[in-house]
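# Summary of structural features
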Amino acid sequence: MTYLAQIVIGGLVQGSVFAVIALGLSLVFRVTGIINLAQGGFCILGALFLYSFEESFGWPAPLAVLAAVAGTTIVGLAIGAATFVPALARLPNSSMLMLTAGLLTAIEGAVMLVWGSQPYAVPPFSGEAPVALLGVRIPSQGLWIAGISGLIILAAWYLIARTATGKALIACAENPLAARLVGVDVRGLTLLSFALTAFIGGLGGSAVAPIMSLQFDSGRFFTNAGFIAVAIGGMSSFPGAIAGGLFLGVAEQLAAGYVSSLFANALALGLLLVVLLWRPQGLFMPSVARRHDVREEARVHRAIVRFRGLGAALTGLSVVLALVLFPIVVEDGGLLSSLTITLILFVAVIGLDVLMGYAGQVSLGQSGFMAIGGYTAAILATTYGVPPLLGIAAGILLSLAAALLLSVVTMRLRGAYLALATLTFGLLIDSLTVGLTDLTGGPSGLVGIPAFAVGPFDFGSPLAMYYLVLAIVVALVVTLTGTMRSGFGRALQALRADQTAAAALGIDVPRHKIAAFAVGAALASLSGSLYAFDFHFLSPEMVSTPRSFEMIAMLVLGGEATLVGGFAGAALITLLPTLFQPLALYKTLAEGAILVLAFQYLPSGLIGGLAALVASRRKRPLALAQPQIREETP
């Protein structure tokens, strides 16, 4: 019984941290309808600010905590004013979700530049000695965490329920246009809510810093934990966020104590997936449908780029010819390997383009299918001696089965909830690749993967692998270009514009959504398999969730719904650190910044923007529809 009580106490302490992070996520969601994935970045900023002020400058702990929270709030205020608030009026909710993912990546990159990649820890506020209560030993820092969490929760409740500012925040959440018409400063309150989440994140990070070893990428842990907690409890419910955080903390500790710590995260994600499917609004939210005419739907429809005519064909042939001649002209083996990796990742990005660019379905779990394909082919080849081609086919079939299951069970989800379900799927696959040590090699990865070969044809040399991947890419682009111009492609584009209208026109919406998921999953699986055979090694971090965000950055940078734009994005993000080695340290920061800037200032991407420029010179209509603003700019 004492062991159980010890686990539950530990779970409540951990759950208090989750509840605080979930509270910050809920606050922004209530005001803007956006899930702010950057929240975890503010936690790590608060923790590392505290380390610097306390350990490097020698400030006393109370002063260091105040300075850390103030510094984090100022950073959050600046980020919100420069990126989040201006983008809110121009981007659909799904793009805003990915913009906050870019903010998280950029914060992680900036933290790595300032503090490096080593872990940090600070001493507990009141010493190392635990407090004994009825035979249960409670870490003294746990009491601080519980107390600080309680104060934050109480202050948030008072702000929302008892103040005029809180009522104005609620008005912004329910109907921003009506709130604006009655004189509420929606823009200012949105910025205030974003700064408050930074404040909460900084305070929570400072409280948890003494009991956790934190480094630049720990923000994803906080974001994932807070997101799971708030999704379980209910996005718009403060009590739900708190209950979800405490429930998640206790559930994880029980799973770690009685099953295995390796599967604690997987169990939590499985629980979240069940909740998203059973009650997408959360366990502690009423099942009353929210009005969709004021907030939920996308604000903007972006145009789809179409390449037509002899000029487009000649340009495509020129690019292919240049890629064919590249190994002859450039003898740098490192550059050739990087270009091969670019093409392999481009295969997965093409699948993402079909799903997100043409069908308009947000997916943050593309790397999960890469992992399924890569590990399936690698395990079959290394353990059972299965020929690589059959291993790739098996990986694609398994990915298609997973995609079919995921698309069927998420069929009624849209927008942010669909994105969260796919993110949960990706995180679940991450946990399994780490936890199934006997099968995948665990964190150390799988070694000894043979080179790709088909009968007597061996592709073990870098040059042979390069031409193989190039041939696959050309075949895919040509095939999918024709497919996207067929009735199937037009149906996907109709889904992207308006699912209700598409259904009214007789389009089988569920079937086309499943087909788009299947295409995306199959190409991601193929990419993962080629990745494994090219590297002769595969580890979880090579196909983990950050890879999904990286591929989204590639797609957005190159241009959605272009099929070829993703290659430009993949080449820039992959080749620039190779060409300029000193820039490798800036890769994470650059990926995040590119994602944010591309969403804000180049929504059509490099290729899409270039095509639009050429079309305007020729005075030819390029788009299906011009961007349509559905809400007023605040």
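Calculation rules
Residues numbered from 1 in each chain as written. Predicted model: local features only at pLDDT ≥ 70, side-chain atom pairs only at ≥ 80, totals over all residues. Heavy atoms only, no water. Helix = DSSP H or I, 4+ residues; strand = E, 2+ residues; numbered from the N terminus. Contact = heavy atoms within 4.5 Å. Areas by Shrake-Rupley, 256 points an atom, 1.4 Å probe, with all protein chains shown as cover. Core = buried A, V, L, I, M, F, W, Y, C linked by side-chain atoms within 4.5 Å. Buried < 20%, exposed > 50% of the residue type's maximum accessible area, 1.4 Å probe, protein only. pLDDT = per-residue confidence, 0-100. Patch = residues over 30% accessible without salt bridge, like charges linked within 9 Å, V, L, I, M, F, W, Y side chains within 5 Å. Salt bridge = Lys/Arg side-chain N within 4 Å of Asp/Glu carboxyl O. Phe/Tyr/Trp six-rings, centres within 6.5 Å; stacked < 30°, edge-to-face > 60°. Axes fitted to C-alpha atoms, helices over the stretch in contact; angles between N-to-C directions. Left-handed = near helix turned anticlockwise from the far one by under 90°. Nonpolar A, V, L, I, M, F, W, Y, C, P; charged D, E, K, R; others polar. Polar contact = N/O pair within 3.5 Å; in protein donor to acceptor, adjacent residues only side chain to side chain. Lys, Arg positive; Asp, Glu negative; His and termini not counted. Charge placed at Lys NZ, Arg CZ, Asp CG, Glu CD. Expected span 1.5 Å × (residues − 1). Parallel < 35°, antiparallel > 145°, perpendicular 65-115°, else oblique. Bend = angle between axes of the 7 residues up to and from the residue.

### Some details on the overall build of the protein chain
Scanning the protein chain from N- to C-terminus turns up 25 helices and six strands. Sequence separation of at least 24 residues holds for 79% of the intrachain contacts in the protein chain that already meet a minimum separation of 6. Here the protein chain has roughly 25,600 Å² of accessible surface; of this, 70% comes from carbon and sulfur atoms.

### Quick look at the nonpolar core
Ranked by internal contacts, the top residues of the largest apolar core, which has 180 residues, are Phe369 and Ile552. Per element, the largest residue contribution to this core is 17 residues, and it comes from helix H13 (residues 333–358). Beyond its immediate sequence surroundings of up to four residues, phenylalanine 369 is in contact with Ser399, Ala402, Ala403, Leu406, Phe425, Ala521, Ala524 and Ser525.

### Brief notes about the side chain of serine 363
Take serine 363: it is sitting in the loop between H13 and helix H14 (366–383). Here serine 363 falls in the buried class, since its relative accessible area comes to 2%. Filtering out sequence-adjacent residues up to four positions away, serine 363 remains in contact with Leu352, Leu355, Met356, Thr422 and Ile552.

### Some details on the confidence of the model for the protein chain
Here the protein chain shows a mean pLDDT of 82. Residues at 70 or above account for 89%. Predicted confidence for residues 622–634 stays below pLDDT 50, and this span has 34 contacts to residues more than four positions away or in other chains.

### What about a nonpolar patch on the surface?
Taken together, Leu321, Val324, Leu325, Ile328 and Val329 make up a surface patch of nonpolar side chains, about 460 Å² in accessible area. Counting through the fold element by element, isoleucine 328 comes out in helix H12 (residues 309–329).

### Observations concerning the packing of aromatic side chains
The full count for this structure, using the stated rule, is 17 aromatic pairs. Consider the rings of tyrosine 531 and phenylalanine 535, whose centres lie 5.0 Å apart with planes at 75°: the pair is edge-to-face. With tyrosine 531 and phenylalanine 535 both in helix H21 (residues 509–535) and four residues apart, this pair spans about one turn of that helix. The partly exposed category is assigned to phenylalanine 535, whose relative accessible area is 36%.

### Description of the packing of helix H3 (residues 61–88) against helix H8 (residues 186–208)
Relative orientation and spacing of two packed helices are given, respectively, by the angle between their axes and the distance between those axes. Where H3 meets H8, the axes come as close as 7 Å, and the angle between the chain directions of the two elements is 145°. Relative to H8, H3 is oriented so that their crossing is right-handed. Residue composition of the contact of H3 with H8, by class: 16 nonpolar, seven polar and one charged.

### Quick look at the environment of threonine 410
Summarising the element assignment, threonine 410 is placed in the loop between helix H15 (388–409) and helix H16 (415–435). Expressed as a C-alpha distance, the spacing of threonine 410 and threonine 422, which sit 12 residues apart in the sequence, is 8.7 Å.

### Observations concerning the environment of serine 444
Relative to the assigned elements, serine 444 resides in the loop between helix H17 (437–440) and strand S3 (446–447). The spacing of serine 444 and valine 434 is 10 residues in sequence and 8.7 Å in space, taken between C-alpha atoms.

### Describing the environment of isoleucine 145
Here isoleucine 145 is to be found in helix H5 (residues 140–162). We classify isoleucine 145 as buried; its relative accessible area is 1%. Spatially, the C-alpha atoms of isoleucine 145 and alanine 207 are 5.6 Å apart, while their sequence positions differ by 62 residues. Once residues within four sequence positions are removed from consideration, isoleucine 145 is found in contact with Val13, Ser16, Val17, Ala207, Val208 and Ile211.

### Quick look at the pattern of salt bridges
The final tally for this structure, using the stated rule, is two salt bridges. Measuring nitrogen to oxygen at the nearest pair gives 3.6 Å for the salt bridge that ties aspartate 508 to arginine 511. Here glutamate 550 ties to arginine 547 by a salt bridge, and the two come within 2.4 Å at their closest N and O atoms. Placement of the pair is glutamate 550 and arginine 547 together in helix H22 (residues 545–558), with a separation of three residues, close to one helical turn. Residue glutamate 550 is classed as buried on the basis of its relative accessible area, which comes to 7%.

### Brief notes about the side chain of threonine 72
By the secondary structure assignment, threonine 72 is in helix H3. From its side chain, threonine 72 meets the backbone oxygen of alanine 68 in a polar contact 2.8 Å long.

### Remarks on a positive patch on the surface
On the surface, Arg306, Arg308, Arg485 and Arg490 cluster together into a patch of positive charge. The topology assignment puts arginine 490 in helix H19 (residues 487–497).

### Here's the deal with H13
With 26 residues, H13 should reach 38 Å at 1.5 Å per residue; the first-to-last C-alpha distance of 36 Å fits that figure. Here H13 lies mainly inside the structure; 23 of its 26 residues are buried. At the exit of H13 stands glycine 360, carrying a positive phi of roughly 70°.

### Quick notes on the packing of helix H9 (residues 219–233) against helix H10 (residues 238–258)
Orientation of H9 relative to H10, taken along the N-to-C sense of each, is 120°, at an axis distance of 7 Å. By the criterion of interaxial angle, the relationship of H9 to H10 is oblique. Crossing of H9 over H10 shows right-handed handedness. Between H9 and H10, the residues in contact are Ala225, Ile228, Ala229, Val230, Ile232 and Gly233 and Gly240, Ala241, Gly244, Gly245, Phe247 and Leu248, respectively. Classifying every residue of the contact of H9 with H10 gives eight nonpolar, four polar and no charged.

### Quick word on H12
An α-helical turn contains 3.6 residues, so a residue and the one three or four places further along point in the same direction. Between its terminal C-alpha atoms H12 stretches 30 Å, which fits the 30 Å expected from 21 residues at 1.5 Å a residue. At leucine 323, H12 shows its largest bend, some 30°, and a proline, proline 327, comes one to four positions later. Among the residues of H12, those classed as buried are Leu323, Phe326 and Pro327.

### Description of unusual backbone geometry
With the exception of glycine, most residues fall at negative phi, and the peptide bonds are largely trans. For histidine 536, which is not glycine, the phi torsion reads 60° and is therefore positive. Tracing the backbone shows histidine 536 in the loop between H21 and strand S6 (537–538). Positioned with a positive phi, alanine 561 is a non-glycine residue whose angle comes to about 55°. Summarising the element assignment, alanine 561 is placed in the loop between H22 and helix H23 (565–579).

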